[in-house]
Amino acid sequence: MEQYELAELVISRQEETFHLRFASAQLVIVTDLGSKLWYVDVSGISQTGMLQALNVSEDIKVDLEAVTAGGRRYRGTGYMHPNVIHQAAAIRGDGELVID
C-alpha cells in the first residue's frame, strides 16, 4: 500500500472544473494480486455548494488531477462520494491512475 499527502486536487464533472480547497487529502494506492486499486480521502473542503450538488446528483463520476506534496502528478477517473456534514469526500478510483 502506498499513501501520498496531496498538495493540489482538481476535479472536473459535467463541464465544470473545481480546484478543491481542503484541509487535508491523501491518495492511497493498494496493490492486491496484481491489480491496483486507488482512492482519495479529502477533508475540510470549503466548497460546500459543490459538495451539496454532488450529494443530490445521480452522476458522481469525476475526472481528477492530483499533485502530491512531493510534486508527483496523477490523473484518473473516479466516483466522488461527498459527506456534506463533515465537509469531506471520498473518491473511489475507476480504472487506471496515470502518473504524469
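Structure report, in brief.

Parameters at a glance
- Residues numbered from 1 in each chain as written.
- Predicted model: local features only at pLDDT ≥ 70, side-chain atom pairs only at ≥ 80, totals over all residues.
- Heavy atoms only, no water.
- Helix = DSSP H or I, 4+ residues; strand = E, 2+ residues; numbered from the N terminus.
- 1 Å grid on protein atoms, 1.4 Å probe; cavity = no way out; pocket = protein on both sides within 12 Å on 5 of 7 lines; lining within 4 Å.
- Points joined across faces, edges and corners; volume = space filled by probe spheres on them.
- Nonpolar A, V, L, I, M, F, W, Y, C, P; charged D, E, K, R; others polar.

Some details on unusual backbone geometry
With glycine set apart, most residues show a phi of negative sign, and most peptide bonds adopt trans.
Item 1. Located in the positive-phi region is Gln14, a residue other than glycine, with phi close to 45 degrees.
Item 2. Tracing the sequence through the fold places Gln14 in the loop between strand E1 (2–13) and strand E2 (16–19).
Item 3. Not every positive phi belongs to a glycine, and Glu15 is a case in point at roughly 65 degrees.
Item 4. Here Glu15 shows up in the loop between E1 and E2.

Section: the layout of surface pockets
Item 1. Estimates place the volume of the largest pocket at around 170 Å³.
Item 2. For the largest pocket, the full set of lining residues is Glu2, Tyr4, Ile29, Lys36, Trp38, Arg72, Tyr74, Gly95, Glu96, Leu97 and Ile99.
Item 3. Within the lining of the largest pocket, the residues separate by chemical class into six nonpolar, one polar and four charged.

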